[in-house]
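Chain residues, written in single-letter form:
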Amino acid sequence: MRPLPRYRTQSEIDEQTALGGAYVRSLMRGQLRAGLTAFAVLAVVVGTLPLVFEALHSSAVVWAVLGFAAYPPLTLLAWWYVRRAERNESDFARLVEGRPAP
């Protein structure tokens, strides 16, 4: 299957046709899905912290968890989200430019 000519896909988006709208909605759905997934993981991590603190019964350990242990999962989550958003955008750009998927 040959890719669509570059001007056709871009003109579909620029002219806001039904096909162009489908392209843009696809990008928006992908970005929304990534954002909601990151938010859900964040809510689980932050939501379970009070349970962890209650189980620890030690203020020194609680401060260690807040000061050190909470940051690696948050950093990994942020890294994953940025990578996913960039991948969604590059997939969209590849679709608009008519390049084949790798």
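All figures in this text were calculated on a predicted structure; none of them were measured in a lab.

Draft legend 1. Broad picture of the side chain of N88. Of note, N88 is situated in helix α4 (residues 71-97). At 3.2 Å, the side chain of N88 forms a polar contact with the backbone oxygen of G30. N88 has contacts with L27, G30, Q31 and A34, leaving out every residue within four places of it along the chain.

Draft legend 2. Quick look at the layout of surface pockets. In this model, the second largest pocket occupies a volume close to 150 Å³. In this structure, the second largest pocket is lined by Y23, S26, L27, G30, R33, R84, N88, D91, F92 and L95. Residue composition of the lining of the second largest pocket, grouped by class: four nonpolar, three polar and three charged.

Draft legend 3. A look at the pattern of salt bridges. Following the criterion strictly, the structure yields one salt bridge and no others. Residue R94 is joined to D91 by a salt bridge in which the shortest nitrogen-to-oxygen separation is 2.5 Å. With a gap of three residues between them, R94 and D91 both fall in helix α4, about one helical turn apart.

Draft legend 4. Fine view of a nonpolar patch on the surface. On the surface, F39, L42, V46, Y71 and L74 cluster together into a nonpolar patch covering about 460 Å² of accessible area. Looking at the nonpolar patch, the elements with two or more residues in it are α2 (18-56) and α4. For the nonpolar patch, the element with the most residues is α2, which contributes three residues. Residue placement: V46 occurs in helix α2. A residue is classified by how much of its surface remains accessible, and V46, at 44% relative accessible area, is partly exposed.

About the cut-offs
- Residues numbered from 1 in each chain as written.
- Predicted model: local features only at pLDDT ≥ 70, side-chain atom pairs only at ≥ 80, totals over all residues.
- Heavy atoms only, no water.
- Helix = DSSP H or I, 4+ residues; strand = E, 2+ residues; numbered from the N terminus.
- Polar contact = N/O pair within 3.5 Å; in protein donor to acceptor, adjacent residues only side chain to side chain.
- Contact = heavy atoms within 4.5 Å.
- 1 Å grid on protein atoms, 1.4 Å probe; cavity = no way out; pocket = protein on both sides within 12 Å on 5 of 7 lines; lining within 4 Å.
- Points joined across faces, edges and corners; volume = space filled by probe spheres on them.
- Nonpolar A, V, L, I, M, F, W, Y, C, P; charged D, E, K, R; others polar.
- Salt bridge = Lys/Arg side-chain N within 4 Å of Asp/Glu carboxyl O.
- Patch = residues over 30% accessible without salt bridge, like charges linked within 9 Å, V, L, I, M, F, W, Y side chains within 5 Å.
- Areas by Shrake-Rupley, 256 points an atom, 1.4 Å probe, with all protein chains shown as cover.
- Buried < 20%, exposed > 50% of the residue type's maximum accessible area, 1.4 Å probe, protein only.

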